[in-house]
Amino acid sequence: AVGRETFAPQFKSIMEFLLKTQGHGLTADDPQQNAILMCCARICQCMGSDFSPYVRMVVPPLLKAAADSKGAFMQDGEDDFTNQEGYEA
């Protein structure tokens, strides 16, 4: 993992790419949709308040995916969010 300082120079271009890809009419069950949402979550965690301009573009597809998945979510086995500040199981 890289820190904020290392990632910051590429932050805007990566977010533009992700949002452009997301904007191409991906369905909620498209694997790219889940990958983009997971990537945005990690970027948000890394960039903190600098991510705030992108929240309005990321949250609607996130809510749609959550509604379409009937409450289920995916988590890769390497992350244990239950022990991280700000996350609840």
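Notes on the overall build of the protein
The number of helices and strands found in the protein is 3 helices and 0 strands. Starting at the N terminus, the α and β elements of the protein follow one another as α-α-α. Out of the 89 residues belonging to the protein, those deemed buried represent 24%. Considering only intrachain contacts with a sequence separation of at least 6, the fraction spanning at least 24 residues in the protein is 65%. Only carbon and sulfur atoms are counted for the fraction: they give 58% of the accessible area of the protein, which is about 6,600 Å².

Considering helix α3 (residues 52–68)
Along an α-helix, a turn takes 3.6 residues, which lines up residues three or four apart on a common side. In a regular helix each residue adds 1.5 Å, so 17 residues correspond to 24 Å; α3 covers 25 Å between its end C-alpha atoms and thus fits that length. The largest bend in α3 amounts to roughly 35° and is located at Val 58, with the proline Pro 60 lying one to four residues further along. Restricting attention to buried positions, one finds in α3 the residues Tyr 54, Val 58, Pro 61 and Ala 65. The inward-facing, buried residues of α3 abut α1 (4–22) and α2 (31–47).

Points about the packing of α1 against α3
Closest axis-to-axis distance for the α1/α3 pair is 11 Å, and the angle between their directions is 35°. Relative to α3, the crossing made by α1 is left-handed. Taking contact as the criterion, the partners of Phe 11, Lys 12, Met 15, Leu 19 and Gln 22 in α1 are, on α3, Tyr 54, Met 57, Val 58 and Pro 61.

Some details on the packing of α2 against α3
It is at 11 Å that the axes of α2 and α3 come closest, and there the two elements cross at 130°. In terms of axis orientation, α2 runs oblique to α3. Between α2 and α3 lies a crossing of left-handed hand. Across the interface between the two elements, Gln 33, Leu 37 and Cys 40 from α2 touch Val 58, Pro 61, Leu 62 and Ala 65 from α3.

Regarding the nonpolar core
Membership of the largest hydrophobic core comes to 15 residues, with the highest contact counts inside it found for Phe 11, Met 15, Cys 40, Ile 43, Phe 51, Tyr 54 and Val 58. Where this core is concerned, the elements lending two or more residues are α1, α2 and α3. For Phe 11, the contacting residues outside a window of four places in its chain are Ile 43, Met 47, Asp 50, Phe 51 and Tyr 54.

Conventions used here
- All residue numbers here refer to positions counted from 1 along the written sequence of the relevant chain.
- Note on the predicted model: pLDDT of at least 70 is required for a residue's local features to be given, and 80 or more for side-chain atom pairs to be given and counted; whole-chain, interface and lining totals, by contrast, use all residues.
- As a rule here, side-chain values come from all non-hydrogen atoms in the structure, and water together with hydrogens is ignored.
- Numbering of helices and strands starts at the N terminus; helices are DSSP runs of H or I of at least 4 residues and strands are runs of E of at least 2.
- The classification of residues rests on relative accessible area computed with a 1.4 Å probe and restricted to protein chains. Under 20% of the type maximum is buried, over 50% is exposed, and intermediate values are partly exposed.
- Contacts between residues were defined by any pair of non-hydrogen atoms, one from each residue, lying within 4.5 Å.
- Residue exposure ignores everything except the shown protein chains as possible cover, and the areas themselves are Shrake-Rupley values with a 1.4 Å probe.
- The span one expects for a helix is its residue count, reduced by one, times 1.5 Å.
- The term bend refers to the angle at a residue between two fitted axes, each drawn through seven residues, those ending there and those starting there.
- Lines fitted to C-alpha atoms define the axes here, with helix axes fitted over just the stretch in contact, and angles between the N-to-C directions of these axes take values from 0 to 180 degrees.
- Take the far helix as your reference; a near helix turned counterclockwise from it by less than a right angle gives a left-handed crossing, and one turned clockwise gives a right-handed crossing.
- In what follows, roughly perpendicular refers to angles from 65 to 115 degrees, roughly parallel to angles under 35, roughly antiparallel to angles over 145, and oblique to any angle outside these ranges.
- Only buried residues count toward a nonpolar core, which is a set of Ala, Val, Leu, Ile, Met, Phe, Trp, Tyr and Cys residues joined through side-chain atoms within 4.5 Å.

Scope: geometric values only; no functional claims are made or implied.
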